[in-house]
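Chain by chain, the residues:
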Amino acid sequence: MTTPPDEIDVLLVEDDEGDVLMTREAFEHHKLRNTLHVVSDGVEALEFLRREGAHADAPRPGLILLDLNLPRKDGRQVLEEIKSDETLRAIPVVVLTTSQAEEDILRSYDLHANAYVAKPVDFERFIDIIRQIDDFFVTVVKLPR
């Protein structure tokens, strides 16, 4: 399934159901036209991106929202694999995590994250952050197709 030119597929890699729900609500609240796909761990994220197994028909996302603290394969490992794979490295990755640790921020940028955003605990602020990420990466930035 392909999306119209002004829409993108967004892959959310998040194991916290509450954060998944808030992200879905943010997409609905702001009437974001992008298609949100969700996977709950690092292994599944790479299967989705590589179109393996149950994700053989997965679309190529135009943006990845990546949590760092994931089961099976850590978000840092996922980021490293994405950015070292020449077929995936052009996909923008926004690290969206609860960690505000300087070492996580530095490590993420060392691994070529396109942005690092600490998740706010306030629901309204979280929704606004998702809208701003979407606005920037879909409206402002020119992404490769």
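Small disclaimer: the values here were computed from a predicted structure and weren't measured.

### Observations concerning the packing of aromatic side chains
Right, on to step 1. Inspection of every chain in the model, using the stated rule, returns 1 aromatic pair.
Right, on to step 2. When the ring of F136 is compared with that of F137, the centres are 5.1 Å apart and the planes differ by 90 degrees; the resulting orientation is edge-to-face.
Right, on to step 3. The exposure class of F136 is partly exposed, given its relative accessible area of 39%.
Right, on to step 4. With relative accessibility at 7%, the residue F137 sits in the buried group.

### Notes on the environment of G18
Right, on to step 1. Tracing the backbone through its elements, the reader meets G18 in helix α1 (residues 17–29).
Right, on to step 2. G18 gets classed as partly exposed once you look at its relative accessible area, which sits at 36%.
Right, on to step 3. For the pair G18 and V39, spaced 21 residues apart in sequence, the C-alpha to C-alpha distance is 14 Å.

### Section: the nonpolar core
Right, on to step 1. In terms of nonpolar packing, the biggest core is built from 22 residues, with L11, V13, L49, I64, L66, L79 and I82 touching the most fellow members.
Right, on to step 2. Counting residues per element, the ones that place at least two in this core are β1 (9–13), α2 (42–50), β3 (63–66), α3 (75–84) and β4 (93–97).
Right, on to step 3. In terms of residues, this core owes the most to one element, α2, which gives 4 residues.
Right, on to step 4. Once you skip the residues sitting within four places of it in the chain, L11 turns out to touch H37, V39, A45, F48, L49, P61, L63, I64 and L65.

Conventions we followed
Residues numbered from 1 in each chain as written. Predicted model: local features only at pLDDT ≥ 70, side-chain atom pairs only at ≥ 80, totals over all residues. Heavy atoms only, no water. Phe/Tyr/Trp six-rings, centres within 6.5 Å; stacked < 30°, edge-to-face > 60°. Buried < 20%, exposed > 50% of the residue type's maximum accessible area, 1.4 Å probe, protein only. Helix = DSSP H or I, 4+ residues; strand = E, 2+ residues; numbered from the N terminus. Core = buried A, V, L, I, M, F, W, Y, C linked by side-chain atoms within 4.5 Å. Contact = heavy atoms within 4.5 Å.

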